[in-house]
Amino acid sequence: SPRRLLLLFGGNLGTELLFAAALGEFVGAIGYDVGFGELLLINIGVSLFAGLMPVPGGIGVSEGALTFGLVQAGIPEEEAFAAVLLYRLATFYLPPIWGAFAFRWLERNDHL
């Protein structure tokens, strides 16, 4: 149905926008400024590239590609790598930890 199609594509667009904004916040925390359009382009390009690689979760591939994209946007390599590590830590590596605690709580309280 058109409603479900809109939800599918709208949710995907919203996700990409939020991940690009999060990357921008970490780049800003390092002390640099990159335009939102560039961040969106970098994030979408890396998502496509990492999806083609046969590596679960794009571990290593995403970090390298994000760093490359930020360096091409004018950020020095060391600072770009630091921003990418913080970004991936907050968006990929840490969420399963608190998700496991939430899952256990849901099971203990008979919600699952």
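Check the entry above for the structure.
Notes on the structure follow. These numbers come from a predicted model, not from an experiment.

1. Let's talk about the pattern of salt bridges
Working definition: two side chains of opposite charge can pair if their charged atoms are close together.
No. 1: Taken as a whole and judged by the stated rule, the model has one salt bridge.
No. 2: The residue E63 makes a salt bridge to R88 at a minimum N-O spacing of 3.1 Å. Of the two residues, E63 sits in helix α3 (residues 61-72) while R88 sits in helix α4 (residues 77-93), which places them 25 residues apart along the sequence.
No. 3: The exposure class assigned to E63 is buried, which follows from its relative accessible area of 7%.
No. 4: By relative accessible area, which is 8% here, R88 ends up buried.

2. Describing the layout of surface pockets
Rolled over the atoms, a probe sized like a water molecule indicates the empty space that remains.
No. 1: What the largest pocket holds in volume is close to 220 Å³.
No. 2: Looking at the largest pocket, it is lined by 15 residues, and the ones nearest its centre are N43, S47, S62, Y87 and R88.
No. 3: Put simply, the parts of the chain that give the lining of the largest pocket at least two residues each are α1 (2-30), α2 (36-52), α3 and α4.
No. 4: Split by residue class, the lining of the largest pocket holds six nonpolar, seven polar and two charged.

3. Remarks on the packing of aromatic side chains
No. 1: For the structure shown, the criterion picks out two aromatic pairs.
No. 2: Ring centres of F92 and Y93 lie 5.2 Å apart, and the angle between their planes is 85°; this geometry places the pair in the edge-to-face category.
No. 3: For F92, a relative accessible area of 30% translates into the label partly exposed.
No. 4: With relative accessibility at 33%, the residue Y93 sits in the partly exposed group.

Conventions and cut-offs
- Residues numbered from 1 in each chain as written.
- Predicted model: local features only at pLDDT ≥ 70, side-chain atom pairs only at ≥ 80, totals over all residues.
- Heavy atoms only, no water.
- Salt bridge = Lys/Arg side-chain N within 4 Å of Asp/Glu carboxyl O.
- Helix = DSSP H or I, 4+ residues; strand = E, 2+ residues; numbered from the N terminus.
- Buried < 20%, exposed > 50% of the residue type's maximum accessible area, 1.4 Å probe, protein only.
- 1 Å grid on protein atoms, 1.4 Å probe; cavity = no way out; pocket = protein on both sides within 12 Å on 5 of 7 lines; lining within 4 Å.
- Points joined across faces, edges and corners; volume = space filled by probe spheres on them.
- Nonpolar A, V, L, I, M, F, W, Y, C, P; charged D, E, K, R; others polar.
- Phe/Tyr/Trp six-rings, centres within 6.5 Å; stacked < 30°, edge-to-face > 60°.

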